[in-house]
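# Notes for the structure review
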Amino acid sequence: AHKNPKSLKTENPHCKPNGLTMRFNVELVTGLEPATAHYEWADIVVSVSPSYWADIPGQFKTFIDRCTPWCNTHEPHVKLSEGKKGYTIALRTGPGMPECERVISSIEHFYGHLEIRSCGKLGLCGVECKDDVAGKVAEIKDFCNLILET
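An account of the accompanying structure is given in this report. Everything numeric here is computed off the predicted structure, so don't read it as measured data. (Residues numbered from 1 in each chain as written. Predicted model: local features only at pLDDT ≥ 70, side-chain atom pairs only at ≥ 80, totals over all residues. Heavy atoms only, no water.)

Here Lys-85 shows up in strand E4 (residues 85-91). The spacing of Lys-85 and Tyr-111 is 26 residues in sequence and 8.8 Å in space, taken between C-alpha atoms. Those residues within four positions of Lys-85 in sequence are excluded, and the remaining contacts are Asp-43, Ile-44, Val-45, Ile-116, Arg-117, Cys-119 and Thr-150. (Helix = DSSP H or I, 4+ residues; strand = E, 2+ residues; numbered from the N terminus. Contact = heavy atoms within 4.5 Å.)

To continue, consider the side chain of Arg-92. Inspection of the secondary structure puts Arg-92 in the loop between E4 and helix H3 (98-114). Classification of Arg-92 by relative accessible area gives buried; the value is 14%. A polar side-chain atom of Arg-92 sits 3.4 Å from the main-chain carbonyl oxygen of Gly-94. Apart from residues lying up to four places away in sequence, Arg-92 is in contact with Ser-51, Glu-99, Cys-100, Leu-124, Cys-125, Gly-126 and Val-127. (Buried < 20%, exposed > 50% of the residue type's maximum accessible area, 1.4 Å probe, protein only. Polar contact = N/O pair within 3.5 Å; in protein donor to acceptor, adjacent residues only side chain to side chain.)

What follows deals with the sheet that holds E4. Taken together, 3 strands build an open sheet; the order of strands is E3-E4-E5 and the sheet is parallel. Strand pairing shows two members of the sheet lacking a second neighbour, strand E3 (44-50) and strand E5 (117-124), which therefore form its edges. Pairs of neighbouring strands in the sheet enclose a mean axial angle of 15°, with direction left out of account. Of the strands in this sheet, E3, E4 and E5 are in contact with helix H4 (residues 137-148), which crosses E5 at around 175°. (Pairing = 2+ DSSP bridges. Axes fitted to C-alpha atoms, helices over the stretch in contact; angles between N-to-C directions.)

This structure, assessed with the given rule, holds 1 cavity of 30 Å³ or more. Its boundaries defined by the atoms lining it, the largest cavity holds a volume of some 40 Å³. Class assignment of the residues belonging to the lining of the largest cavity gives a composition of 6 nonpolar, 1 polar and no charged. (1 Å grid on protein atoms, 1.4 Å probe; cavity = no way out; pocket = protein on both sides within 12 Å on 5 of 7 lines; lining within 4 Å. Points joined across faces, edges and corners; volume = space filled by probe spheres on them. Nonpolar A, V, L, I, M, F, W, Y, C, P; charged D, E, K, R; others polar.)

Attention now goes to unusual backbone geometry. Here the phi dihedral of Trp-53 falls at roughly 55°; this positive angle occurs in a residue that is not glycine. Within the secondary structure layout, Trp-53 lies in the loop between E3 and helix H2 (58-66). Notably, Ala-54 is not glycine yet its phi reads approximately 65°, a positive angle. Examined against the element boundaries, Ala-54 turns out to sit in the loop between E3 and H2.

The following block contains the structure:
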C-alpha cells in the first residue's frame, strides 16, 4: 500500500469498496510532485475534464506535458507502480459526443504513456452548470458502480 500524499485534502473514510479507500482531491494541484504522488498512491485514477474547443483545457495539457519524466516515451523515466486502472469522464456544453470522445482520447493517450490501463469512459453532453447534471444521475451512478466493481 502506498502512503497517503501529504497534499491530499479530503478523504471519505466510510467509502471503502472492495478494501480500497476512495479519496477525493479537492485542491488544485499546482506542483508536479504532489500530483504524481497521488498517481503513485492510487490504484484507480479517475480523470474528469471539460471540453474546451473540442479538447482538454490548456491547464490539463500543461500538466500532461510536465509529466513527461513519468512517461514511457522518456528514457530514463520514473515509472509508476504497475497495475493502475484509469477511468475518464468528459463534459461538454453542446449536444454531440465527438468532442467528448476527443477529450477521452487525449486522456487515454496520457494514461497509456504512464502505463495506466484505461478501463472505462463516460461522456456527458449538454452540461453547462451543475443543474444540468441532475438528468444524468443514473448514468453517472452506473459509471461509478463500474469503477467500484474493479
